[in-house]
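# Coordinates in review
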Amino acid sequence: MRDESHSDRQPRGIQSIEVGGQLLRALAHQGRPLALKDLAREAGMPPAKAHPYLVSFIKIGLVAQDDGRYGLGPLALQLGLISLQQYDPVRLATPVIEALAEQLGHTVAIAVWGTRGPTIVRVAEGPTPVHISMRHGTVMSLAGTASGRLFAALRAEDAAALGEALPEPALLQQVRERGLAESRDGVIAGVSALAAPVFDAAGRLVLALTAIGPSASFDTREDGPLAEPLRAAASLVSQRLGAPA
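Summarised in this report is the structure supplied together with it. Computed from a predicted model, the values in this text were never measured in an experiment. (Residues numbered from 1 in each chain as written. Predicted model: local features only at pLDDT ≥ 70, side-chain atom pairs only at ≥ 80, totals over all residues. Heavy atoms only, no water.)

## Examining the packing of helix α1 (residues 15–30) against helix α3 (residues 47–60)
It is at 10 Å that the axes of α1 and α3 come closest, and there the two elements cross at 85°. In terms of orientation, α1 lies roughly perpendicular with respect to α3. Each of S16, V19, G20, G21, L23 and L24 in α1 lies in contact with α3, whose residues at this interface are K49, A50, Y53, L54 and F57. Its residues placed into classes, the contact of α1 with α3 shows 7 nonpolar, 3 polar and 1 charged. (Axes fitted to C-alpha atoms, helices over the stretch in contact; angles between N-to-C directions. Helix = DSSP H or I, 4+ residues; strand = E, 2+ residues; numbered from the N terminus. Parallel < 35°, antiparallel > 145°, perpendicular 65-115°, else oblique. Contact = heavy atoms within 4.5 Å. Nonpolar A, V, L, I, M, F, W, Y, C, P; charged D, E, K, R; others polar.)

Here you go:
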């Protein structure tokens, strides 16, 4: 008979809090006040069951009621603001790129907007060697790199202020439509890259997750095996930063 230690067991929680949390999760997901029946449906419970939870949430400020609809209350908003203040985008993204580099089999970097343009601040080396300088502090070309094209498309005013050559308008529009930037044999022959955007709570591009690898084994298709995990990783970090869905 197996001797189950205390560490093997799941911590015991309070079920009623977990049930009530479904209502808060539904409000956060919808992003707008809801009538009782609609909110209860989104949370997967009858209105009669949801109502007592909402009464308690209103008392402590997690929920507010206005004109018969329920929305997030002042305490929920305060908690959200404090949470955002504690989150550093680069710190949140660092473990994500380490896992992504292992998953993709290619190097993955974090680029942020610096005084001279898109700047590499973290690098997770993949098993496939890349013959390109990717040190911390490397500034990426706006026109010739995936990271640069992403920032040029989604932070156009900042990019224009640098006075550097920009990608063609059609290419920038393509990046905006795809939500992904690519470069193939751009700055260095034989090296390709894909960059996905990470947004903050204001919907502003704060960093790029960029996968880089040898062109011969690097699939830049927007629906390819590299693009989908890259997008998913960028979306995960964006969600943790409170970005709009």
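Read on, since the account is not over.
## Observations regarding the sheet that holds strand β7 (residues 191–199)
Either a parallel or an antiparallel arrangement is found when strands of a sheet pair, and the pairing is made through backbone hydrogen bonds. If you trace the 5 strands from one edge of the open sheet to the other, you get β5-β4-β8-β7-β6, paired in antiparallel fashion. The sheet is open, and its two borders are formed by β5 (117–124) and β6 (181–184), each paired with just one other strand. Sheet twist, expressed as the average angle between the axes of neighbouring strands with direction ignored, equals 25°. Two elements, β7 and strand β8 (residues 205–214), share 9 bridges in a ladder whose sense is antiparallel. (Pairing = 2+ DSSP bridges.)

## A short note on the nonpolar core
Of all hydrophobic cores here, the largest spans 29 residues; its most connected members are I110, V198, L207, L209 and L230. Elements with a contribution of two residues or more to this core: α5 (89–104), β4 (107–114), β5, β7, β8 and α9 (227–240). No other element matches the 8 residues that α5 contributes to this core. Non-local contacts of L230, meaning those with residues more than four positions away in its chain, are made with L100, L180, L194, A195, A196, L209 and A211. Membership of the second largest hydrophobic core comes to 21 residues, among which are I120, M140, F151 and A153. (Core = buried A, V, L, I, M, F, W, Y, C linked by side-chain atoms within 4.5 Å. Buried < 20%, exposed > 50% of the residue type's maximum accessible area, 1.4 Å probe, protein only.)

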